[in-house]
Amino acid sequence: MGEDGSVTSAPQRPDGPTPATRLIATDLDGTLLRDDKSVSPRTIAALAAAEEAGIEVFFVTGRPARWMGVVSDHVHGHGLAICANGAAVVDLRAGGEFIQVRALPRATALTVVNTLRAAAPGTSFAVELTTGINYEPTYPPFFQDPGAAVATAEKLLREELDGSSAPVLKVLAHHAELGPDEFLALARSAAGAYASITRSSPTSLLEVSGLGISKASTLALCCAERGITPAEVVAFGDMPNDVEMLRWAGTSYAMGNAHPDVIAAASGRTVANNEDGVAVVIERILAERATHRN
């Protein structure tokens, strides 16, 4: 283990026999991607080998569809990805076309905004729509989205009378003073009855989705459509927004750089994202499969 608490040795296996793997579900930032947001040649090769062996690979991320260019060249079998923490299933081969949207009702979003304003004064908000992101004047600006509208969350969440409002994928809440885990605990206590609240950023930035919507719940729907059971899924993650998915999957790995809650939720550990922790496990799965066939 490294000085920062990361795993630097071989991955720790989950206890007991591992069922045949039919699907690999991997987070992106801090997991599949290196810190420079690249996919290493070793990981690219491992993903291709998994697909060639008949194992589907799902990218499951908090990122919006428009930020999926980091992996769009590495899609093989089906081209689908789960984005916005489960709020959307998109087809990367069709330029990020939405296949399924699990929206956050605008009235619910407003309830959460009002609740968090009262519970944590100083909170600022952004609204992620299927058409892009908009944010409040006090919210940290999105330099990747220069065309965003800037207004209060109440205005951004106002429903158009003609019903033409774009679906809300999630609301983001930022606090400049509270610690990340402190802010998450406070938000869940105050507004957790209205929506699913999580975080994937190292900063005090929370992500609010519809109640019951998570990476895990949408992945479960995608797997059910394919006749794939949780026991046949291997999942990887590093931050609190991965916890439900890691608990749902039959076999799961926390990255060497993972948050403590992720380590507690996963059934095993692998090395850090910068050490190709996902590729290390995929290579072992394929080697074991080849051994059993011989």
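Residues numbered from 1 in each chain as written. Predicted model: local features only at pLDDT ≥ 70, side-chain atom pairs only at ≥ 80, totals over all residues. Heavy atoms only, no water.

J.: Run through the pattern of salt bridges, naming residues and quoting values.
T.: Taken as a whole and assessed by the stated rule, the structure comprises 16 salt bridges. E159 is the salt-bridge partner of R106, the closest N and O atoms lying 4.0 Å from each other. Here E159 lies in the loop between α4 (153-156) and β8 (168-174) and R106 lies in helix α3 (residues 106-119), a separation of 53 residues in the sequence. R106 sits in the buried class, given a relative accessible area of 10%. (Salt bridge = Lys/Arg side-chain N within 4 Å of Asp/Glu carboxyl O. Helix = DSSP H or I, 4+ residues; strand = E, 2+ residues; numbered from the N terminus. Buried < 20%, exposed > 50% of the residue type's maximum accessible area, 1.4 Å probe, protein only.)

J.: Can you lay out the side chain of N241 for me, pointing to particular residues and giving the numbers?
T.: Position of N241 among the secondary structure elements: in the loop between β11 (233-237) and α7 (243-248). Filtering out sequence-adjacent residues up to four positions away, N241 remains in contact with G62, N85, T198, R199, S200 and K215. (Contact = heavy atoms within 4.5 Å.)

J.: Describe in detail the environment of H174, supporting the description with residues and values.
T.: Among the secondary structure elements, H174 is positioned in strand β8. For H174 and E207, which are 33 residues apart along the polypeptide, the C-alpha to C-alpha distance reads 9.1 Å. The residues contacting H174, other than those within four sequence positions of it, are G122, T123, S124, Y139, P140, F183, S204 and L205.

J.: An account of helix α2 (residues 41-52) is needed here, citing residue identities and associated values.
T.: Between its first and last C-alpha, α2 extends 16 Å over 12 residues, near the 16 Å set by a 1.5 Å rise per residue. Of all the residues in α2, the buried ones are T43, A46, L47, A50 and E51. Seen along its axis, α2 keeps its buried residues to an arc of 130 degrees; they face one direction. The exposed set on the far side of α2, more than 90 degrees from its buried face, consists of P41 and E52. The first or second residue beyond α2 is G54, which carries a positive phi of 90 degrees. (Expected span 1.5 Å × (residues − 1). Arc of directions from axis to C-beta.)

J.: So what's going on with the sheet that holds strand β3 (residues 80-83)? Which residues, and what values?
T.: Pairing is mixed in the open sheet, where eight strands are placed in the order β5-β4-β3-β2-β1-β11-β12-β13. One side of each edge strand has no neighbouring strand; the edge strands of this open sheet are β5 (97-101) and β13 (268-269). Across four bridges, the pairing between strand β4 (residues 88-91) and β5 is antiparallel. Following the sheet pairing, D91 is matched in β5 by E97. Most of the contacts of α2 go to strand β2 (residues 56-60), to which it runs at about 130 degrees, and overall it touches β1 (23-26) and β2. (Pairing = 2+ DSSP bridges. Axes fitted to C-alpha atoms, helices over the stretch in contact; angles between N-to-C directions.)

J.: Quick one: what's the story with the packing of aromatic side chains, residue by residue and with numbers?
T.: Each aromatic ring pair is specified by the distance between its two centres and by the angle formed by the two planes. All told, the structure shown has two aromatic pairs when counted by the stated rule. Here Y135 and Y139 contribute two aromatic rings whose centre-to-centre distance is 6.1 Å and whose plane-to-plane angle is 35 degrees, an arrangement assigned as tilted. Taking the relative accessible area as the measure of exposure, Y135 reaches 10% and is therefore buried. Taken together, a centroid distance of 5.5 Å and an interplanar angle of 15 degrees make the contact between F236 and Y253 stacked. Highlighted residues: F236 in strand β11 and Y253 in strand β12 (residues 251-254), separated in sequence by 17 residues. With a relative accessible area of 0%, F236 lands in the buried category. The exposure class assigned to Y253 is buried, which follows from its relative accessible area of 2%. (Phe/Tyr/Trp six-rings, centres within 6.5 Å; stacked < 30°, edge-to-face > 60°.)

J.: Please give an account of the sheet that holds strand β9 (residues 195-198) that cites residues and values.
T.: The five strands lie next to each other as β7-β6-β8-β10-β9, forming an open sheet whose pairing is antiparallel. Across the chains shown, the open sheet's two edge strands, defined by having one partner strand only, are β7 (132-135) and β9. Pairs of neighbouring strands in the sheet enclose a mean axial angle of 25 degrees, with direction left out of account. As paired strands, strand β6 (residues 124-129) and β8 are joined by six bridges and run antiparallel to one another. Residue pairing for β8: V127 is matched across the bridge by V171. Most of the contacts of helix α5 (residues 180-191) go to β9, to which it runs at about 170 degrees, and overall it touches β8, β9 and β10 (205-210).

J.: Tell me about unusual backbone geometry, residues and numbers included.
T.: Phi is positive for A84, which is not a glycine, with a value near 55 degrees. Mapped onto the fold, A84 is located in the loop between β3 and β4.

J.: I'd like to hear about the packing of α3 against α5, residue by residue, with values.
T.: Closest axis-to-axis distance for the α3/α5 pair is 10 Å, and the angle between their directions is 125 degrees. Between α3 and α5, the interaxial angle falls into the category oblique. Regarding α3 and α5, the two cross each other, and that crossing is right-handed. Contacts between α3 and α5 involve V112, T115, L116 and A119 from the former and L186, A187, A190 and A191 from the latter. (Parallel < 35°, antiparallel > 145°, perpendicular 65-115°, else oblique. Left-handed = near helix turned anticlockwise from the far one by under 90°.)

J.: Provide a residue-level description of the nonpolar core, including the pertinent values.
T.: Soluble globular proteins: nonpolar side chains tend toward being buried together. Judged by nonpolar contacts, the single largest core of 32 residues is most densely connected at F59, M68, V71, F236 and I282. Contributions of two or more residues to this core are made by α1 (28-32), α2, β2, β3, β4, β11 and α9 (277-293). Considering each element in turn, this core owes the most residues, six residues, to α9. Excluding anything up to four places from it in sequence, V71 contacts L28, L32, L33, V39, F59 and L92. Counting residues in each nonpolar core, the second largest holds 26 residues, with V113, V127, L156 and V168 among its members. (Core = buried A, V, L, I, M, F, W, Y, C linked by side-chain atoms within 4.5 Å.)

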